[in-house]
Amino acid sequence: MASASNNESVLEEIRAQVKSYHFPLDEVPRLNCHDPRAERLIQNEEPVILTDTNLVASALQWDANYLGEHIGNSNYTVYFSNTHKFLYYDDKKISKVPSFVPPTRHQDLTFQEFLRKMNKWKNGDPWMYLQQSLNNTVGPRIVQDFTAFNWTWVTEQQRKNKWGPLTSNLLLVGMEGVITPVHYDEQQNFFAQIHGYKRFLLFEPGMFPCLYPYPVYHPHDRQSQVDFDNPDFEKFPKLPELRGQQAILAPGDVLYLPVYWWHQVESVPERGMTISVNFWYKSAPTEKVVYPLKPQQKVAMMRNIEKMICDVLVNVEEVGPLMQSMVLGRYT
Ligand SMILES: O=C(O)C(=O)C[C@H](CCCc1ccccc1)C(=O)O
Ligand SMILES: [Zn+2]
């Protein structure tokens, strides 16, 4: 296990190597999970990198060969992209947008088939990203490692923060350099880094007006329309107001990624393949509404309003014009 100090020096090296963007980035605090400041950040639903949780200590031995040997021969969803970006889309919403062209393809492969493709990958081949919820088809050794996760700590966090049930653990195995573009999720997330280095760009929910998500009915619902590598300031005039934080995760680190917080995830280039497991929890129900509403609550409300208008109008082409006639010249 790398000592804390040389983790810090590698992280410093990576901070110097990673790409900079048009917006400023502060550093997400990196704290020992026993530090009361860490607890307070989690209670305030703010991101924090937690060290010494031992959440996935039993998996720190995982690498491509270990997984190839022990994970079993069931199928895993492997995404393919002609670029290093993997923009997620919801298959179930494609019917609503006939012109939609999926930016990635996916195939079910055994882990061993995935590894074979990885080992013979050459420039010009599609990029690959394995993304699959862990299930009971994994081999006994992986079950043992999974059982040995620090469930005491994470379950205590779930209880203290009044979260709902754990909904899934997504296993992520990415080639170096792959990127999941900026989006938000509707669940609380403890993101555990197991192998390799991942860089998160994080933006608070209140940055919604600067990130221009696709319509709720669109297959890219919850994803930003903005391409950080080619920002269109005409189409997205509030983009210059964007500012965020970055979190670089080393093996063993756990990022608390609060619900509704925007994030882009990069497997740091030239640092090898990355292996991660996330822990998605249903968020706590709103007990007592307190005014002014939090940005997260406004996002949830906007989503409900969009969904209702889509349901009533049926033809999604009419949604924009209706909302514009409601707002333009009246609220603007
Ligand atoms: O854990 C998270 O929330 C992440 O975004 C991690 C991210 C992959 C997530 C893929 C995905 C994106 C949108 C909807 C469902 C699945 C990565 O590590 O590349
Ligand atoms: Zn996400």
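Values in this document were obtained by computation on a predicted structure and should not be read as measured data. Here the residue index of a chain counts from 1 through its sequence in written order. Think of it this way: whatever chain is written first is A, whatever ligand is written first is 1, and the rest follow in order. Note on the predicted model: pLDDT of at least 70 is required for a residue's local features to be given, and 80 or more for side-chain atom pairs to be given and counted; whole-chain, interface and lining totals, by contrast, use all residues. Side-chain measures here rest on the full set of heavy atoms in the structure, leaving out hydrogens and waters.

## Looking at helix α1 (residues 4-17)
Argument step 1. Secondary structure elements are defined from DSSP: runs of H or I of at least 4 residues count as helices, runs of E of at least 2 residues count as strands, and each element is numbered from the N terminus. The span expected for a helix works out to 1.5 Å for each residue beyond the first. Look at α1: 20 Å from first C-alpha to last across 14 residues, which is about the 20 Å you get at 1.5 Å a residue.
Argument step 2. Taken together, the buried positions of α1 are Asn7, Val10, Leu11 and Ile14. An end-on view of α1 places all buried positions within 105° of arc, on one side of the element. In α1, those exposed residues whose orientation departs by more than 90 degrees from the buried face are Ser5 and Ala16.
Argument step 3. We call two residues in contact whenever any of their non-hydrogen atoms come within 4.5 Å of each other. Of the surrounding elements, those touching the buried residues of α1 are β2 (30-32) and β12 (244-249). Three exposure classes are used, based on accessible area relative to the maximum for each residue type with a 1.4 Å probe and protein chains only: buried under 20%, partly exposed in between, and exposed over 50%. It is the directions from the helix axis to the C-beta atoms whose arc is reported.

## Points about the pairing of strand β4 (residues 75-81)
Argument step 1. For β4, a buried count of six out of seven residues is recorded, marking the element as mostly surrounded by other parts of the structure.
Argument step 2. For two strands to pair, DSSP has to find at least two bridges joining them. By the bridge criterion, seven bridges tie β4 to strand β5 (residues 104-110) in an arrangement that is antiparallel. Considered in β5, the bridge of Val78 is made with Gln107.
Argument step 3. Note: β4 against strand β6 (residues 127-133), four bridges, orientation antiparallel. Residue pairing in the sheet places Phe80 in a bridge with Met128 of β6.

## Let's talk about the side chain of Glu266
Argument step 1. With respect to the helices, strands and loops of the structure, Glu266 is situated in strand β14 (residues 262-267).
Argument step 2. The term polar contact refers here to a pair of N or O atoms within 3.5 Å; inside protein, the definition further demands a hydrogen-donor-capable atom paired with an acceptor-capable atom, and it admits residues adjacent in sequence only when both atoms are side-chain atoms. A polar atom in the side chain of Glu266 sits 3.2 Å from the side chain of Gln264.
Argument step 3. When residues no more than four places from it in sequence are discounted, the contact partners of Glu266 are Tyr21, Val178, Ile179, Tyr197, Lys198, Arg199 and Leu201.

## Regarding the coordination of the zinc ion (ligand 2)
Argument step 1. Here the coordinating atoms are restricted to nitrogen, oxygen and sulfur within 2.8 Å of the metal centre, or 3.2 Å for Na, K and Ca, and because water is not among them the sites may look incomplete. Taken together, the protein donors to the zinc ion (ligand 2) comprise His183 (NE2), Asp185 (OD) and His263 (NE2), at separations of 2.0 to 2.1 Å.
Argument step 2. Here the donor residues of the zinc ion (ligand 2) are spaced in sequence according to H-x1-D-x77-H. Separated by 80 residues along the polypeptide, His183 in strand β9 (residues 179-183) and His263 in strand β14 bring together distant segments of the chain. Across the pair, His263 and His183 agree in class, each one buried.

## Comments concerning the environment of Gln187
Argument step 1. Looking at the element boundaries, Gln187 is found in the loop between β9 and β10 (188-195).
Argument step 2. A sequence separation of 18 residues divides Gln187 from Asn169, and the C-alpha atoms of the two residues are 12 Å apart.
Argument step 3. If near-sequence neighbours (up to four positions away) are discounted, Gln187 is found in contact with Thr167, Leu257, Val259, Trp280, Tyr281 and Lys282.
Argument step 4. Engagement of the side chain of Gln187 in a polar contact is seen with the side chain of Thr167, the distance being 2.8 Å.

## Focus on empty space enclosed by the protein
Argument step 1. The distinction between a cavity and a pocket rests on a 1 Å grid over the protein atoms alone: a 1.4 Å probe fits inside a cavity but cannot get out, while a pocket stays open yet meets protein on both sides within 12 Å along at least five of seven lines, and a residue with an atom within 4 Å of a point counts as lining. Grid points are joined across faces, edges and corners, and a volume is the space filled by probe spheres set on the points. As enumerated under the stated definition, the model contains one cavity of 30 Å³ or more in all.
Argument step 2. The computed volume of the largest cavity comes to approximately 30 Å³.
Argument step 3. What lines the largest cavity is Asp185, Gln187, Asn189, Leu257, Pro258, Val259, Tyr260, Trp261, His263 and Trp280.
Argument step 4. Three classes are used: nonpolar for Ala, Val, Leu, Ile, Met, Phe, Trp, Tyr, Cys and Pro, charged for Asp, Glu, Lys and Arg, and polar for all others, with Gly counted as polar. Grouping the constituent residues of the lining of the largest cavity by class yields six nonpolar, three polar and one charged.

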